[in-house]
Amino acid sequence: MTAKMVVEGVTKRFGDVSALGPCSVQVQPNEFLCVIGPSGCGKTTLLRILAGLVPPDEGRVWVDGEQVRGPRPEVAMVFQHFGLLPWKTVWDNVAYGLRLQGRPKAEIQERVPKFIELMGLRGFEHKYPYQLSGGMQQRVGIARALAVDPEVLLMDEPFGALDAQTREFMQEELLRVWRTQRKTVVFVTHSIDEAILLGDRIVVLSSRPGRVREVLSVDIPRPRSGDRVRGLPRFHELRHRLWELLRAEAEVVR
Amino acid sequence: MRVAAAAPAQRRVPTRPRMTPAAIRWLSVAVGLGAWEAYGRLLGSPIFTYPSAIARAAVALVQTGELQFYLQASLVVLSLGLLLAVAAGIPLGVAVARWPLLEHVTDPYISALYATPTVALIPILVLWLGFQTQAKVALVFLFCVFPILINTYQGVRSVDRRLLEVARAFCSTEWATWRDVILPSALPFILAGIRLAIGRGLVGMVVAEFYTSITGLGYMIVQYANTFRTDRLFVPIVVLMGMGVGLTGLLKRLERRIAPWMHVLREE
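Residue numbers restart at each chain and count upward from 1, following the sequence in its written direction. Labels are handed out in written order, letters beginning with A for the chains and numbers beginning with 1 for the ligands. Under the rules for a predicted model, residues below a pLDDT of 70 receive no local features and side-chain atom pairs below 80 are neither given nor counted, while totals for whole chains, interfaces and linings still include all residues. Computation of side-chain values: all heavy atoms of the structure, hydrogens and water removed.

Take the overall build of chain B next. By the criteria applied, helices consist of DSSP H or I runs no shorter than four residues and strands consist of E runs no shorter than two, each listed in order from the N terminus. Broken down by element type, chain B carries 12 helices and 0 strands. For chain B, the spread of C-alpha atoms along the three principal axes comes to 75 × 60 × 30 Å. By the convention used here, residues are in contact when the closest approach between their heavy atoms is within 4.5 Å. Contacts in chain B between residues at least 24 apart in sequence constitute 71% of all its contacts with a sequence separation of at least 6. A total of about 15,600 Å² of accessible surface is found on chain B, and carbon and sulfur atoms cover 69% of it. In chain B, the 24 positive side-chain charges and the 13 negative ones have mean positions that sit 9 Å from each other. All accessible areas in this document rest on Shrake-Rupley with a 1.4 Å probe, and a residue is counted as covered only by the protein chains that are shown. For the purpose of counting charges, residues Lys and Arg are taken to be positive, whereas Asp and Glu are taken to be negative. His and the chain ends are not included. Positions of charges follow a simple convention, taking NZ of Lys, CZ of Arg, CG of Asp or CD of Glu.

Here's what the structure looks like:
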């Protein structure tokens, strides 16, 4: 099976600080890949390079065998800060990507309600982002990304700004949605539990400059739910393993 | 002042909830006017006046059509100058924010002209443009254009970088980014600039009417001051006050309607 996305020897420096890499990862088609690492290890930088938002200093990124040189319509992103346009309603925010891609009006009229429905936003179509809670705002962010029918979904700590309860609820929602929208997902997080619950594999990055420290397979069968997964012995083994890896990395920094 | 002072004060007030802030304001105005009326009648001086005399003078000036005639002349000057300032200030502010080269080229001129008291330019405007409407409109324009230009520039520059990245991630073209992100985000700044411009424009209008050919509400003021008709003299002043309060209030309401999210952010 050929990889959906290939990252090869990517590095990034900011001034004198080496932020990332060299870092090499392969993302398989329809895989849910979580990226975890100590804070400041360049997780977000890696994701922005995958999105084509910043060029790597060295190395290359391919999507479907094509080199990434800038943002691509088949790659969509979900942001930690939600990134909704405050002057657009929920409906218009969800339609944002479709309109930018110049999709026909009929298609937009058909797809937007579909994803509003899917993300549980019915009845909020005409609200503005500031009228919604954080969890609801991120539902809009996810609906907007899914609406363009991307092949790859990049998620940058999408639930990092939410409170603990909302966060768990949103994880369940994402699992539910992913069952119907089987995208290739790269999901950056700093939560060990979140990575195990969601991921097929977990890439553990080292402390700065972030390199791939280890790749763990999460052999917990799907469909998963938070309650059930957290009760499994395998969950605790993985959790323990990730803890050790991350603690070792955190100590390097100190 | 009303906005700045009212917000924090309201939280400490609940010890005496008998009168709403609005009621206190109305009462304050009523007491002030009442005191003025009483003092004015008591004094009985020909060059002092009081509210009821001003009201009578206003009715007379409206009945003869004099007030409307001069108000119209003033409004033409104000609206032409303001319109030109909006038409020039917004595109120029956008352009200066968009192209750094243009910013560096124009900045010395804009800073210098903005810092110059505009009144000092009146003689030169009269020499170049004459005494008529042209010179007046030019003066109002100079009073109005800078707040609009500078606010537009600030609005464009203060766009959320993260939203620009969102636009880029969704493959937005530059034109689409201006349409969807930059201009909507700058709009409340632009409206605030226009609100400031209206206040300055009224000053420019009256100053122009005093110092070029004397017309409009400025003419009424000068004429009735020279003839000691203080009751009539106050009529155009009250009208100017009403215009200032009304127009800026209108713009404030417009800002709230167009950018409700701004006020939510401020209240948090």
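Next comes the rest of the write-up.
A few words on the interface of chain B and chain A. Residue-level contacts link 19 residues of chain B with 22 residues of chain A. Summed over both partners, the accessible surface that disappears when two parts come together, traced with a 1.4 Å probe, is what is meant by buried area. Roughly 2,000 Å² of surface becomes buried between chain B and chain A when both sides are summed, with 72% attributable to carbon and sulfur atoms. Per-residue buried area on chain B facing chain A is highest for B:E165, B:F170 and B:W261; these three make up 34% of the total on that side. Ionic pairing is found between A:K88 and B:D180, a salt bridge with its closest N-O pair at 3.7 Å. Elements represented by at least two residues in the side of chain B that touches chain A include exactly α8 (161–169), α9 (174–211) and α12 (260–267) of chain B. Looking at which element gives the most residues to the side of chain B that touches chain A, the answer is α8(B), with 7 residues. Any residue that is not Ala, Val, Leu, Ile, Met, Phe, Trp, Tyr, Cys, Pro, Asp, Glu, Lys or Arg is counted as polar, Gly included; the first ten are nonpolar and the last four charged. Considering only residue class, the side of chain B that touches chain A consists of 12 nonpolar, 2 polar and 5 charged. Salt bridge, as used here, is a side-chain nitrogen of Lys or Arg placed within 4 Å of a carboxyl oxygen of Asp or Glu.

It is worth spelling out the nonpolar core at this point. Residues and elements named next belong to chain A. Side-chain atoms within 4.5 Å are what join buried Ala, Val, Leu, Ile, Met, Phe, Trp, Tyr and Cys residues into a set we call a nonpolar core. Accessibility here uses a 1.4 Å probe with only protein chains present; expressed as a share of the type maximum, an area under 20% marks a residue as buried, one over 50% as exposed, and anything in between as partly exposed. F187, I196 and I202 are the most contacted members of the largest nonpolar core, which has 55 residues in total. Among the elements that line this core, the one with the most residues is helix α4 (residues 134–147), at 7 residues. Sequence-distant contacts of I196, defined by excluding residues within four places in its chain, comprise I202, V218, I220, R224, F235, L238, R239 and L242. Residues V35, C41, L46 and I49 belong to the second largest nonpolar core, which totals 43 residues.

Residues and elements named next belong to chain B. Any two rings among Phe, Tyr and Trp, with Trp reduced to its six-membered ring, count as a pair given centres within 6.5 Å; such a pair is stacked if its planes are under 30 degrees apart, edge-to-face if over 60, and tilted if neither. Per the stated rule, a full pass over the model turns up 11 aromatic pairs over all chains. Ring plane angle 90° and centroid distance 5.7 Å describe the contact between Y39 and F48, whose orientation is recorded as edge-to-face. Judged by relative accessible area, F48 falls into the partly exposed class, the value being 33%. Centroid distance Y70 to Y219: 5.0 Å. Interplanar angle 35°. Geometry classified as tilted.

What follows is about the confidence of the model for chain B. Residue and element names in this part refer to chain B. A residue's pLDDT is the confidence the predictor assigns to it, expressed on a 0 to 100 scale. Confidence in the prediction for chain B averages 87 pLDDT; 91% of positions are at 70 or higher. Long-range and interchain partners of residues 1–10, a stretch whose pLDDT sits below 50, account for 5 contacts in this model, where long-range means more than four residues apart. As a predicted assembly, this complex carries a pTM of 0.81 together with an ipTM value of 0.89.

All names here are of chain A. Along the polypeptide, A147 turns up in helix α4. Since its relative accessible area comes to 0%, A147 is described here as buried. Spatially, the C-alpha atoms of A147 and L98 are 7.0 Å apart, while their sequence positions differ by 49 residues. Ignoring any residue separated from it by four or fewer positions in sequence, one finds A147 in contact with V94, L98, R111 and F115.

Residue and element names in this part refer to chain A. In this chain, R208 is followed by P209 through a cis amide linkage whose omega measures -5°. Tracing the sequence through the fold places P209 in the loop between β9 (201–205) and β10 (212–217). For the peptide bond that leads from R222 to P223, omega is 0°, which places it in the cis range. Within the fold, P223 resides in the loop between β10 and α7 (226–231).

This part is about the sheet that holds strand β2 (residues 17–27) of chain A. Residue and element names in this part refer to chain A. Pairs of strands are assigned from DSSP output, requiring at least two bridges between the strands. Pairing in this open sheet of 4 strands is antiparallel, and the strands run β2-β1-β4-β5 from one edge to the other. Edge positions in the sheet fall to β2 and β5 (66–67), since each of these pairs with one other strand and no more. As judged from the 5 bridges shared by strand β1 (residues 5–14) and strand β4 (residues 58–63), these two strands associate in the antiparallel manner. Bridging across to β4, E8 finds its partner in R60. Lines fitted to C-alpha atoms define the axes here, with helix axes fitted over just the stretch in contact, and angles between the N-to-C directions of these axes take values from 0 to 180 degrees. Sheet strands in contact with helix α1 (residues 43–50) are β1, β2 and β4, and its direction is about 120° off that of β1.

On to the side chain of A:T184, then. Residue and element names in this part refer to chain A. By secondary structure assignment, the location of T184 is in strand β8 (residues 184–188). Of the residues examined, T184 reaches a relative accessible area of 1% and is grouped as buried. Discounting chain neighbours no more than four positions away, the residues touching T184 are K4, V27, Q28, P29, N30, E31, E151, V152 and L153.

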